[in-house]
Amino acid sequence: MRVRLEARPEPGTHLDLSCERPDLHRFTALELKYLTRSWSGELEGERYDLRNQWAQDTRGYDVVKDISRVERFVAGRPGSDGAVVVITNDPYYWGPKLRGHGTTNAEAFRIGEGTVLSGLREWGPKTGAGTNKGRQVAIPLRGTYTLRWQDYSTVVISGTRATRFRLLVVPVRPEGSP
């Protein structure tokens, strides 16, 4: 298998990870996201200092954009598939929308448990220029994706609160594939 990091399979397209088996006519495109909330500690002799990335609305945009990018890669390529993989310790991403907050300008980019993504995803009409700077373009999705988070790990270190990491895998297949 040929594995490439930061592959550029075609002009204007890059993928975090590309896996190819030319002898089997199989291609897999992977986009990876690691979205962190502040946490520091030492685990099994390794030191971790995770920064608080905040800006969950723009990071959600980036996840949706990755889904669209993988869709473009697998479209019309028999034997291809892909996935977007997200790992986070920030419950904002997988949790339910806060009650009483109504529809937000970033609603199209929420990636919480059970969210269904499809069609054209775009910012709400009152989105500030600072929020969507560099991310103004609406994102078309060809497929429909129901998001399901699963537990990845829980880190427990004496003297600190437990930190839960969760995983989201969004499989992407060519149109018409099961």
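These lines cover the structure that appears in this document, whether it is placed above or below. Model, not experiment: these values are computed from the prediction.

**A short note on the environment of valine 70**
Here valine 70 is to be found in helix H1 (residues 56–74). Overall, the relative accessible area of 0% leaves valine 70 in the buried class. Sequence separation between valine 70 and arginine 173 is 103 residues, and the spatial gap between their C-alpha atoms is 8.8 Å. Those residues in contact with valine 70, other than ones at most four positions away along the chain, are Ala29, Glu31, Gly82, Ala83, Val84 and Val172.

**A few points about H1**
For H1, spanning 19 residues, the distance from its first C-alpha to its last is 27 Å, which sits close to the expected 27 Å at 1.5 Å a residue. Counting buried positions along H1 gives 16 out of 19 residues, so the element sits mostly inside the fold. Downstream of H1 by a residue or two, glycine 76 has a phi angle that is positive, lying close to 70°.

**Section: the side chain of asparagine 132**
In this fold, asparagine 132 is placed in the loop between strand E7 (116–121) and strand E8 (139–146). Not counting chain neighbours up to four residues away, the residues in contact with asparagine 132 comprise Trp123 and Thr127.

**What to know about the environment of tryptophan 94**
Inspection of the secondary structure assignment puts tryptophan 94 in helix H2 (residues 91–94). The buried category is assigned to tryptophan 94, whose relative accessible area is 10%. Note: C-alpha distance between tryptophan 94 and leucine 147 (53 residues apart in sequence) is 9.0 Å. Excluding its chain neighbours within four sequence positions, the residues that come into contact with tryptophan 94 are Thr88, Asn89, Gly112, Glu113, Trp149, Arg164 and Arg166.

**Some details on unusual backbone geometry**
The phi torsion at histidine 25 lies on the positive side, around 55°, for a residue other than glycine. Structurally, histidine 25 is set in the loop between strand E2 (13–21) and strand E3 (26–35). Residue tryptophan 54 is not a glycine yet carries a positive backbone phi of 50°.

**Remarks on the pairing of E2**
Both strand E1 (residues 2–10) and E2 contribute to a ladder of six bridges, which runs antiparallel. By the bridge assignment, glutamate 10 is partnered in E2 with threonine 13. Linkage of E1 to E2, two consecutive antiparallel strands, is achieved through a turn of two residues, within which glycine 12 is found at a positive phi near 80°. Where E2 and E3 come together, five bridges link them in antiparallel fashion. Its bridge partner being in E3, cysteine 19 is matched across the sheet by threonine 28. Hairpin geometry of E2 and E3 is characterised by an intervening segment of four residues between the two adjacent antiparallel strands and by a positive phi of about 55° at histidine 25.

Rules and cut-offs
Residues numbered from 1 in each chain as written. Predicted model: local features only at pLDDT ≥ 70, side-chain atom pairs only at ≥ 80, totals over all residues. Heavy atoms only, no water. Helix = DSSP H or I, 4+ residues; strand = E, 2+ residues; numbered from the N terminus. Buried < 20%, exposed > 50% of the residue type's maximum accessible area, 1.4 Å probe, protein only. Contact = heavy atoms within 4.5 Å. Expected span 1.5 Å × (residues − 1). Pairing = 2+ DSSP bridges.

In short, geometric facts, not functional conclusions.
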